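# Summary of the model geometry
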Amino acid sequence: MMNSKDFSLGDLLRVRHAWIAWCLLTICLLATAVLWHVSVRLVEDRTEARFRTQSLQLKTAIEERLLNYEQVLAGSAGLFAVSPELNRLDWHTYIESVDIERYYPGIQGIGYAERVKAWNLDQHLAWARGQGMPDYTIQPIGERNEYHPIVFMEPASHQNRRANGYDSFTDPVHRRAMAQARDRGQPMITGKLVLVQEEVAEDQAGFLMYYPIYQGGRTPDNATERQALLKGFVFSAFRMNTLIDGIVGLISPFLDVRIYDAEAASRDDLMYGSNLGSLDNEFSFEKTQRIVHGGRTWLLQTRSTPAFDYLASDPRPPIVLLAGVVISLLLFAFALVLIRSRLLAQISAGQYRAITEGAANVTLVLTEDGRARYVSPSSKDILGFDAEQVQAMELSALVHGEDWPRLEAGFREARSSSGQSLPMVRARVRDAGGEWRVMEGTYTSMLAVPGVDGVVLSLRDLTQLKAAQSELHRLAFYDPLTGLANRQLFRDRLNHVVRSSRRTEEPAALMLLDLDGFKRINDTLGHDAGDELLKQVARWLTGCVREEDSVARLGGDEFVVLLSRISGPEAVAKVAETVLRRLCQRIRLNEHEVGVTASVGVTMIPFDSEDPSALMKYADLAMYRAKECGRNNFQFFTPAMNIKAARRLLQQEELATALEADRFVLHYQPKVDLATEKVLGVEAFLRWQHPEKGLVSAQQFIHLAEETGMIVRLGEVALRQACIQIQALERAGFEDLKVAVNLSARQVTDSGFLDMFRQVITETGVFPERLELELPAELLNEDPRRLQELLGALHDLGVCLILDDFGTGACSLAALQQLPLDVVKIDDRFIRDIPYNVSATDVASAVIALARKLHLTVVAEGVETPQQLSFLKSAGCTQCQGNLFSHPLDEDALIGFLVRQYERPLMS
């Protein structure tokens, strides 16, 4: 019971108490997050707008600066229209009046390049030297039809004088801009270059703007006249850093600005970089613009910098976040205070009911005279009476007369022992149905406790406890599916029967039973159908034995029958026959009718053994003997079975050791095409290199490998060795030979087979088309859908699929049509008696005809005589193998055999 002192902060914070406060906190925090996100977004939008404004202003300023420089050149060109014979002094006077260093920052100088014909070169040199340039020469030296040397360059600084006489038309970058200006009659800008005036230490990008001047002072109408009347060019030389730094510093000092002489950013085309960006090349905003002027397109790239982000930062988002969190926590705390007050009120009001009510007990509060003043509502669930009904009754009418004195004595003792819990008392109490229920309870005197004022009697129903104990016993000792005894209970019963048989010298018997083909039913029809079959078998078995006998399910489809007293083996045999006859019938499961049979192993007590474990082992051996004898029969245990089991265990250990030591090899029997009389492939046979017995054929150990599950690893070993042999055949020049590998049904149906096959061919590098997989006919009895998926995946890889032992067992023609098979193999049992047995020849002919009708290649195995070969040829068989052509050969002998058969036909 919880009071106000026990109610801690942890209890208050539980979701079931404070869910409203938690919801309020969650909503407030979500609202805070939304407001914070909105404020951050507003700041980001404002910062981005400032960034874009500065970027656009920067572009506009650069374009206006270039337009101003173009107007300066236009005014310079106008001098030649006014004064065609302009000299160096006139040029100096004009440029000095323009004051370019003050009004036009970034211009390295303004110059004039005159067009000079080759025949007028000497006159030009004399004129230029007469202008105060005694060392004037045209650079670079060389003969050409015309020259365009720089004759005027102002201001006349040391760097600018280095440009006098330079024929810029010889440079491709200059020539392209000059030719465009000449032909279009407009000012043109060169691409990125380094000015000839530059010092090595001041090597920076620059460009020139050329303005054409024509004879007569006007611009001709077409390009041909412009080329003919060209007088020269006025030009301006610009240093990019000097030109752009001033603009950037005035408009966007905290932006990282880069200008490329191209339409796409490239390191080689970079003309200007402010280098204000982050070392990690991180930025918040970026904008790319294009400046088109003077026949050139510049890419202007602007990015925000850490300094720009810092100056644009705003303290309002953190303030919004902090204020929202604080307000949320205050509201949460206020809600908790209100909730705590409400919970404490509920605790105080409900303490009385918490003391007296319980779902598992009937609680009564008795007055001093023994009348029920309060009865818990649980009386309805336990006794079937409403609380009001119990209060109206005399308690003595509900309690068994023999038990009422004990309850009265306990009540009197409780009244005199205030606040103490008295020992348990047990009584039978009548419920609403008139049944007596065993209950136990205790008295607690609470006469002095406010709100209770009585003696509390708490009664617990032991009927439910006993039922629960019975259920636990059932779960512990009985099979939940069939209701039969489980393995643990059966062992106890077997121990009891063995001791009783030893004491009374009366024989008993143990029968171990296993259903035949249960796995196939379970896999095909589903586990629900399998469970229904197991329950029906349990009912059949129970009806076959006496009441004193025991039937148990050990697990899976294994059942056991324990005959406690039996006259002898003859009586046991009759019971076994009855069991087999009862089980050997057909049952309908999931709209399918299936047949049921069983294999039974019998061992006698105490003649075979008095050890329960040994008896179970002997019955298991006898049951396996029954399966070996064709199933649907029973076998008694004999000592010979134990010896055989020991031998089998020894062989199993030897087989496992051989597998670990890699003592398995492949031998290969050639397969011949009857039309070409050539070997077209080989079949791989697994051999065990036994240290004592020598080579052991697969027939002597393959069955044991399948039973123990080692067939999966053996199959992988065989497949891997076959792939290695394919590589050896390729190196020997036999690239077209295929190698067939035998597979067992258990190996193919293993869940990891397909992954293992893909891994082996990947690791060995063998093409799947070189492999043939021989599948046993019994595989057709597996789940058709799963089998079709598996064989379809193998067929898609390119593997040739062969159905082995065709004609034996229950081969479904529907399955043959649906599965992607390529070849069928006639079992050697049909070949053995050809041609002396008419029945054998008829069966072989029918099998060959059927396979050909299904468009399958036919291979006959076990061919040993020319008569058999002749018959198979006439019957339409296409391929053969057998000792007539060659016994199975090891790797070295196989290569020699193949070399010889290519020298002469096998059947010559």
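Preceding this paragraph is the structure being described.
The structure contained in this document is the topic of the report that follows. (Residues numbered from 1 in each chain as written. Predicted model: local features only at pLDDT ≥ 70, side-chain atom pairs only at ≥ 80, totals over all residues. Heavy atoms only, no water.)

## Looking at the overall build of the protein
Counted only if it meets this: Secondary structure elements are taken from DSSP: a helix is a run of H or I of four residues or more, a strand is a run of E of two residues or more, and numbering for both begins at the N terminus. Taken over C-alpha atoms, the radius of gyration is set against a globule rule of 2.2 Å times the number of residues to the power 0.38. Buried means the residue's accessible area, taken with a 1.4 Å probe over protein chains only, is under 20% of the maximum for its type, while exposed means over 50%, and partly exposed covers the values in between. Any two residues having at least one pair of non-hydrogen atoms within 4.5 Å are treated as being in contact. Each accessible area is a Shrake-Rupley estimate made with a 1.4 Å probe; only the visible protein chains count as cover when residues are assessed. Only four residue types enter the charge count: Lys and Arg as positive, Asp and Glu as negative, with His and the chain ends excluded. Taken as the charge centre is NZ of Lys, CZ of Arg, CG of Asp or CD of Glu, depending on the residue.
When its secondary structure is counted, the protein shows 32 helices and 32 strands. The C-alpha radius of gyration computed for the protein amounts to 54 Å, which surpasses the reference 29 Å derived for 908 residues by more than 25%, pointing to a less compact arrangement than a globule. Overall, the protein is about 150 × 120 × 50 Å in size when its C-alpha atoms are taken along their principal axes. Split into buried and exposed, the 908 residues of the protein put 45% on the buried side. Of all intrachain contacts in the protein linking residues separated by at least 6 positions in sequence, the fraction that spans at least 24 positions is 63%. In the form shown here, the protein has an accessible surface area of approximately 46300 Å², with 52% of it arising from carbon and sulfur atoms. Averaging the locations of the 96 positively and 118 negatively charged side chains of the protein gives two centres separated by 3 Å.

## A word on the pattern of salt bridges
This is how it is decided: By definition, a salt bridge exists where a carboxyl oxygen of Asp or Glu is found within 4 Å of a side-chain nitrogen of Lys or Arg.
All told, the structure shown has 33 salt bridges when counted by the stated rule. One salt bridge connects Glu-146 with Arg-115, and the closest N-O pair in it is separated by 3.0 Å. Separated by 31 residues along the polypeptide, Glu-146 in strand 3 (residues 146-147) and Arg-115 in the loop between strand 1 (107-114) and strand 2 (116-117) bring together distant segments of the chain. For the pair formed by Glu-146 and Arg-115, the shared burial category is buried. The network of salt bridges with shared partners includes Glu-683, Glu-774, Lys-825 and Glu-861.

## With respect to the sheet that holds strand 14 (residues 425-430)
Selection rule: Strand pairing is assigned whenever DSSP detects at least two bridges linking the two strands. To get an axis, fit a line to the C-alpha atoms, keeping to the stretch in contact for a helix; angles then go from 0 to 180 degrees between the N-to-C directions.
Strand order in this open sheet of five strands is 13-12-16-15-14, and the pairing throughout is antiparallel. Both outer strands of the open sheet, strand 13 (372-375) and strand 14, are each paired with one neighbouring strand and no more. For this sheet the average axis-to-axis angle between neighbouring strands, irrespective of direction, equals 30°. As paired strands, strand 15 (residues 436-446) and strand 16 (residues 454-461) are joined by eight bridges and run antiparallel to one another.

## Some thoughts on the nonpolar core
Note on soluble globular proteins: their nonpolar side chains tend to be buried together. The cut-off we apply is this: The term nonpolar core refers to a set of buried residues drawn from Ala, Val, Leu, Ile, Met, Phe, Trp, Tyr and Cys, joined through side-chain atoms within 4.5 Å.
Among the nonpolar cores identified, the biggest contains 81 residues, and Phe-664, Phe-701, Leu-773, Leu-872 and Cys-880 are the most heavily contacted of them. Sequence-distant contacts of Cys-880, defined by excluding residues within four places in its chain, comprise Pro-670, Lys-671, Val-672, Leu-674, Ala-860, Val-863, Leu-869, Leu-872 and Phe-885. Formed by 50 residues, the second largest nonpolar core is a distinct cluster that contains Ile-100, Met-209, Ile-213 and Phe-308.

## As for helix 31 (residues 866-875)
Filter applied, for reference: The arc in question is the one traced by the directions running from the helix axis out to the C-beta atoms.
Within helix 31, the full set of buried residues consists of Gln-868, Leu-869, Phe-871 and Leu-872. One side of helix 31 holds all its buried residues, which, seen down the axis, span an arc of 165°. Facing away from the buried side of helix 31 by more than 90 degrees, the exposed set consists of Pro-866 and Ser-874. On its buried face, helix 31 sits against helix 29 (828-831), helix 30 (838-853), strand 31 (857-860) and strand 32 (879-880). Backbone geometry just downstream of helix 31 places Gly-876 in the positive-phi region, at approximately 100°.

## Things to note about unusual backbone geometry
Backbone torsion omega between Glu-154 and Pro-155 reads -5°, so that peptide bond is classified as cis. In this chain, Ile-605 is followed by Pro-606 through a cis amide linkage whose omega measures 5°. Relative to the elements of secondary structure, Pro-606 occurs in the loop between strand 22 (598-605) and helix 21 (612-628).

## Description of the sheet that holds strand 18 (residues 550-555)
Here we have five strands laid out as an open sheet, ordered 18-19-17-22-23, and mixed in their pairing. Because the sheet does not close on itself, it has two edges, and the strands there are strand 18 and strand 23 (634-636). Neighbour-to-neighbour, the strand axes of this sheet turn through a mean angle of 20°, independent of strand direction. As judged from the eight bridges shared by strand 17 (residues 508-515) and strand 22, these two strands associate in the antiparallel manner.

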